Amino acid sequence: MEAPVDFIRAKILDDTASNRYGGRVCTRFPPEPNGYLHLGHAKSICLNFGVAKEFAGQCNLRFDDTNPTKEEIEYVDAIREDVRWLGGDWQDREYYASDYFERLYAYAEQLIQMGRAYVDDLSADEIREYRGTLTSPGRESPYRNRGVEENLDMFRRMRAGEFPDGARVLRAKIDMAAPNLVMRDPTLYRIRHAAHHRTGDMWCIYPLYDYTHCLSDSLEGVTHSLCTLEFANNRELYDWVLATLGVYRPQQIEFARLNVTYTVLSKRKLIQLVESGYVSGWDDPRMPTLCGLRRRGVPPQALREFCRRVGLARVNSTVEYAMLEFCIREYLNEHALRFMVVLDPVKVVIENYPGNLVEELDMPLHPKNPARASRKVPFSRELYIERDDFRLEPPKKFHRLVVGAEVRLRYAYLVTCREAVTDASGAVRELRCVYDPQSRGGVSPDGRKVKGTIHWVCAGRAVPAVARLYEQLFVSETPEDVPESKTFLNNLNPGSVRAVQALLEPALSDMAVEGECVQFERLGYFCKDRDSTHALPVFNRTVTLRDTWAKLEKKGE
RNA sequence: UGGGAUGUAGCCAAGGGGUAAGGCAACGGGUUUUGAUUCCGUCAUCCGAAGGUUCAAAUCCUUCCAUCCCAGCCA
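What you see is a predicted model; the values in this text were computed from it and never measured. (Residues numbered from 1 in each chain as written. Chains lettered and ligands numbered in written order. Predicted model: local features only at pLDDT ≥ 70, side-chain atom pairs only at ≥ 80, totals over all residues. Heavy atoms only, no water.)

1. Digging into the sheet that holds strand β4 (residues 117-120)
The strand order across the open sheet built from four strands is β4-β5-β6-β7, with neighbouring strands paired in antiparallel fashion. At either margin of the open sheet sits one strand with a lone partner, and together these are β4 and β7 (205-207). Between one strand axis and the next, the sheet turns by 20° as a mean value, whatever way the strands run. Sheet topology places strand β5 (residues 169-172) next to strand β6 (residues 187-191); three bridges connect them, and they run antiparallel. (Pairing = 2+ DSSP bridges. Helix = DSSP H or I, 4+ residues; strand = E, 2+ residues; numbered from the N terminus. Axes fitted to C-alpha atoms, helices over the stretch in contact; angles between N-to-C directions.)

Here you go:
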């Protein structure tokens, strides 16, 4: 599959052709370890690692850990795992902005020496007030023109811990009348007496994003610093810092962040769902987090394909969830092993089949891929089929089992139903059938057409599966205090994943490893959950069969 | 009322003076031992709007309209 040439790849192509950066390509994926990675990050991961690979370059994993009050080691571990799972390979280049604190500090002193940075005693509120508004220029701080020596002294005392949180900040001296608010003397350092997950109590001043990110990129020799659109305003400052310091200058390129319908991709909202207990955790299968998707059985290949298909542009856009589902189905259809399962059984007795015989029939594990092994399934006089696969009064175009009609038991035999035994209430108890011994394997011996093919299990030998069918998989409670949660909880699965939750524990543990999906034919794809107590279904359209039946029957009536 | 960015189908998205790629969705049909898959077909007289330049404009120019981002000591 040829990589589409989006505007970013075009730019890199250009830069390598003109030998800018010596033809080198280096990107980075720079998450802040303050939450779990989600679908939105997948786009960035695929982009950064993908581009690096395509151009024989490198992609670093860098934790943007400059805000100790929000970051935790739990998150860095989870992020590392998720990136690796998605296929990102940073080799030994695992970096932390906090590793650069000492050098960043030295650069700050250099800015002070150059007269391009100053310590400001104004409070946060005053700074905001002095900044001006979108349409009116700001005012200069009374501390703006402190001498170099005083600034240096103040800054060192900030580092030494002489001042409480918020007492002073280090600011760049740029232009309080700049039309771009980012350039109105941005804050570079703030005082934060807080323990950092890596540097502990070594520091009580921490650099801010705008100051840290560009220098980290520079220090690492990044060539193309890819970030989302909302940072476009910050690019001017990114360039200013590096130019003023006269250091190596990567270039920042922005692209539109990913939005997906029926879900939320905002760390703030996701964390709210977790903390308020509306979901069981970050890896709740309803979550759009990478770990949630993984637990749900979404293969990383599908996510990569999704990111590829979504494309890259500079327009804010919202991709339909259906696109994601398509990518998942596409991969699963190709790779998932097939099994038969009966959720709501009704007994079938093959009257002309010997009562003491059990045959071992071949069932391929994948119909389109004969290279896959097949397995033996037992077949005997008494079987179970899905209750729904038989109708006393069939709608039009129903071509499964009906009294007097012939259907194929998949990979087994052609059978004809002679009689439906019902109980006093009219419910079907048992189906009396006869089979055609010539049709072993399900082939029609004389070429006669048999439209219906249904699934079955051997009554005596089947793995007993406790199964339940739910119209809706998940409880749709609507948290009032979580914005957009209605959409979130109602649609994460639903409208979309209207599915089946089956307690298929024994069957599934027999067939799948955790995280792997198998297809229960005509039911959809199921994934064995980590505790193996239930199977996690299914991706909407994988249940298309159900949709299709419903549609056809509706039409028929 | 400042600055930055963006407008191509229901949703993504190519195309940057020569007469609108592709995918998802939708719809119609063929094949099929999963009513799945697969295959084939249909789906923008038109590119935010209005003017202008040109033999020729989605592409160039002008004006207008709409949407998003920026006033954290978050990233």
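2. Describing unusual backbone geometry
Phi at Asp 185 is positive, roughly 45°, even though this residue is not glycine. Relative to the assigned elements, Asp 185 resides in the loop between β5 and β6. Asp 185 gets classed as buried once you look at its relative accessible area, which sits at 0%. Positive phi outside glycine occurs at Lys 397, with the angle close to 65°. Topologically, Lys 397 is positioned in the loop between β16 (382-386) and β17 (406-409). A relative accessible area of 72% places Lys 397 in the exposed class. (Buried < 20%, exposed > 50% of the residue type's maximum accessible area, 1.4 Å probe, protein only.)

3. Some thoughts on the sheet that holds strand β19 (residues 428-435)
Strand order in the open sheet formed by seven strands is β20-β17-β18-β19-β13-β16-β21, with mixed pairing between adjacent strands. A strand with exactly one partner marks an edge of an open sheet, and here the two such strands are β20 (453-454) and β21 (456-458). Here strand β18 (residues 414-422) pairs with β19 via seven bridges, running antiparallel. If you follow Val 421 over to β19, its bridge partner there is Glu 430.

4. Focus: the UniProt feature "binding site: L-glutamine" (unreviewed entry) in chain A
The feature "binding site: L-glutamine" (unreviewed entry), as given by UniProt, occupies Asp 64 and Tyr 209 in the numbering adopted here. On the basis of their most widely separated C-alpha atoms, the annotated residues across 146 residues gather in one place, lying no more than 8.0 Å apart. Checking the annotated residues one by one, the ones that line the second largest cavity turn out to be Tyr 209. Tracing the backbone shows Asp 64 in the loop between β2 (58-63) and α3 (73-86). Not counting residues up to four positions away in its chain, the partners in contact with Asp 64 are Pro 30, Pro 31, Glu 32, Pro 33, Glu 71, Ala 97, Tyr 209 and His 213. With respect to the element layout, Tyr 209 can be found in helix α7 (residues 209-220). (UniProt positions renumbered as here; feature names shortened; annotations may be inferred. 1 Å grid on protein atoms, 1.4 Å probe; cavity = no way out; pocket = protein on both sides within 12 Å on 5 of 7 lines; lining within 4 Å. Contact = heavy atoms within 4.5 Å.)

5. Topic: the domain arrangement of chain A
Taken domain by domain, chain A consists of domain 1 (7-255), domain 2 (267-337 + 465-556) and domain 3 (341-455). The C-alpha-based centres of domain 1 and domain 3 are spaced at 66 Å. (Domains from an automatic or database assignment.)

6. Things to note about the pairing of β6
In terms of residue burial, β6 counts as a mostly covered element, since five of its five residues are buried. As judged from the three bridges shared by β6 and β7, these two strands associate in the antiparallel manner. The residue bridging Arg 190 from the neighbouring strand is Tyr 206, located in β7.

7. Side note on the confidence of the model for chain A
Mean pLDDT over chain A stands at 88; residues scoring 70 or higher make up 87%. Below a pLDDT of 50 lies the segment residues 469-500, which in the model reaches 84 contacts outside its immediate sequence neighbourhood of four places, other chains included. Across residues 538-548, where pLDDT falls below 50, the model places 33 contacts with residues more than four positions away in sequence or in other chains. Interface confidence for the predicted complex, given as ipTM, is 0.96, next to a pTM of 0.92. (pLDDT = per-residue confidence, 0-100.)

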